[in-house]
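# Inside the fold
Here is how the chains run, residue by residue.
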Amino acid sequence: MNYQGKNIFITGGSEGIGKAIAKLLTTKGANTFIFSRNPKKITKALKEIRKNKISKDQICEGISLDVTKLNIVKTKFNTLCKKYGNIDILINTAGFAAPGYFEKIPPEAFHDMMEVNYFGIVNTITAAFPFFVKNNGGHIVNTSSLSGFLPVFGYSGYTASKYAVIGFSEVLKSEFKRHNIKVSVLCPPDTDTPGFKKENKTKPAETLEISKGAKLMTPAQVAESFEKAFSKNKFMIIPGLEGKLAYRVKRFCPGLLNFIFNMSIKKVQKKQRK
Ligand SMILES: NC(=O)c1ccc[n+]([C@@H]2O[C@H](COP(=O)([O-])OP(=O)(O)OC[C@H]3O[C@@H](n4cnc5c(N)ncnc54)[C@H](OP(=O)(O)O)[C@@H]3O)[C@@H](O)[C@H]2O)c1
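First, a word on what this report is: a plain description of the structure on this page.

Here the focus is the site of the ligand. Lining the immediate environment of the ligand, one finds 31 residues, of which Gly12, Gly16, Asn38, Gly95 and Gly195 sit closest. At the level of secondary structure, the elements contributing two or more residues to the shell around the ligand comprise α1 (16-27), α4 (107-134) and α6 (194-200). Residues that form the shell around the ligand fall into these classes: 9 nonpolar, 17 polar and 5 charged.

Spelled out as structure tokens, the structure:
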């Protein structure tokens, strides 16, 4: 895929997976625009991203916004499109997980995860849609997770928000064909990011046990794997072999997956009872 001169909007681009994608696409000549809340993180990330520019004409900008605020997202996207032309690719990575036993997760955290992980995506697509139509097409990537199709212990709130992302994206993929807008879903496995470090602090022992054997990917590996699949116009983008395997097992033999998860859960609970 030729990214040169393409305007790519990346929410959550100041850290973790979003930042790694921004860096990679900048090395391929794209104009990258990152969006997140904390201006300090944006400034720091932009320094790193700009080092990857391959031409002095390339644009790398950072904009502070909260994806849950639709009117602000609309205003900022409109301003940028007036100045820089259009949006070619929108990559939604802003998101977070608050794991825990259901009864230990504060009720408001369930709402917050839906607000950021699901409605945040609805908001940016709402704001970007008129520009895609004007541009006669584009490509949208929504970040879900392996928890977007696997029922992992300890992720009741997060999983609900990430299942929503996949269902929403499947419908948009079908609807947006008539506008020549492609849609993909990125489902990363456990990835070593600031967000992952934070969520590890509240993961129940059962959740930690389930993910113990899985390979922890780096954000750069996820970005590479993402780009490879994205450039082939894949809908479901699952970095790493284990994730791809889990996707197939869930589809064709869900009982086996539940059996494997239950073994880890029982192992921990047996220890806790002793
Ligand atoms: N890391 C993993 O193991 C993993 C696995 C599967 C899926 N994922 C998904 O992949 C995505 C990226 O995860 P990550 O681990 O890279 O996260 P991260 O390291 O915590 O980075 C999250 C980014 O999103 C921004 N952000 C958070 N809330 C926002 C909001 N309301 N509005 C705008 N920006 C916001 C953050 O900046 P500010 O805080 O400054 O806003 C930051 O730039 C998430 O959707 C996550 O659920 C991650």
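What you see with strand β4 (residues 89-92) is no split at all: Ile89 and Ile91 on one side and Leu90 and Asn92 on the other are buried throughout. Note: strand β1 (residues 7-11) against β4, 4 bridges, orientation parallel. Residue pairing for β4: Phe9 is matched across the bridge by Leu90. Here β4 pairs with strand β5 (residues 138-143) via 4 bridges, running parallel.

Ranked by internal contacts, the top residues of the largest apolar core, which has 60 residues, are Ile8, Phe9, Ile10, Ile21, Leu90, Ile91 and Ala128. Take this core: its biggest share by element is 9 residues, from α4. Residues within four places of Leu90 in sequence aside, it is in contact with Phe9, Thr124, Ile125, Ala128 and Ile140.

Looking now at unusual backbone geometry. Non-glycine residue Asn136 carries a positive phi angle of around 60°. Position of Asn136 among the secondary structure elements: in the loop between α4 and β5.

This part takes up the sheet that holds β5. Ordered in space as β3-β2-β1-β4-β5-β6-β7, the 7 strands form an open sheet in which the pairing is parallel. Looking along the sheet, the strands with just one partner apiece sit at the ends: β3 (60-64) and β7 (236-237). Sitting on the sheet, helix α2 (residues 39-50) is in contact with β2 (31-36) and β3, with an inclination near 170° to β3.

Rules used throughout
Residues numbered from 1 in each chain as written. Predicted model: local features only at pLDDT ≥ 70, side-chain atom pairs only at ≥ 80, totals over all residues. Near = placed C-beta within 6 Å. Helix = DSSP H or I, 4+ residues; strand = E, 2+ residues; numbered from the N terminus. Nonpolar A, V, L, I, M, F, W, Y, C, P; charged D, E, K, R; others polar. Buried ≥ 20, exposed ≤ 12 C-beta atoms within 10 Å, placed from the backbone. Pairing = 2+ DSSP bridges. Core = buried A, V, L, I, M, F, W, Y, C linked by C-beta atoms within 7 Å. Contact = placed C-beta atoms within 7 Å. Axes fitted to C-alpha atoms, helices over the stretch in contact; angles between N-to-C directions.

Scope: geometric values only; no functional claims are made or implied.
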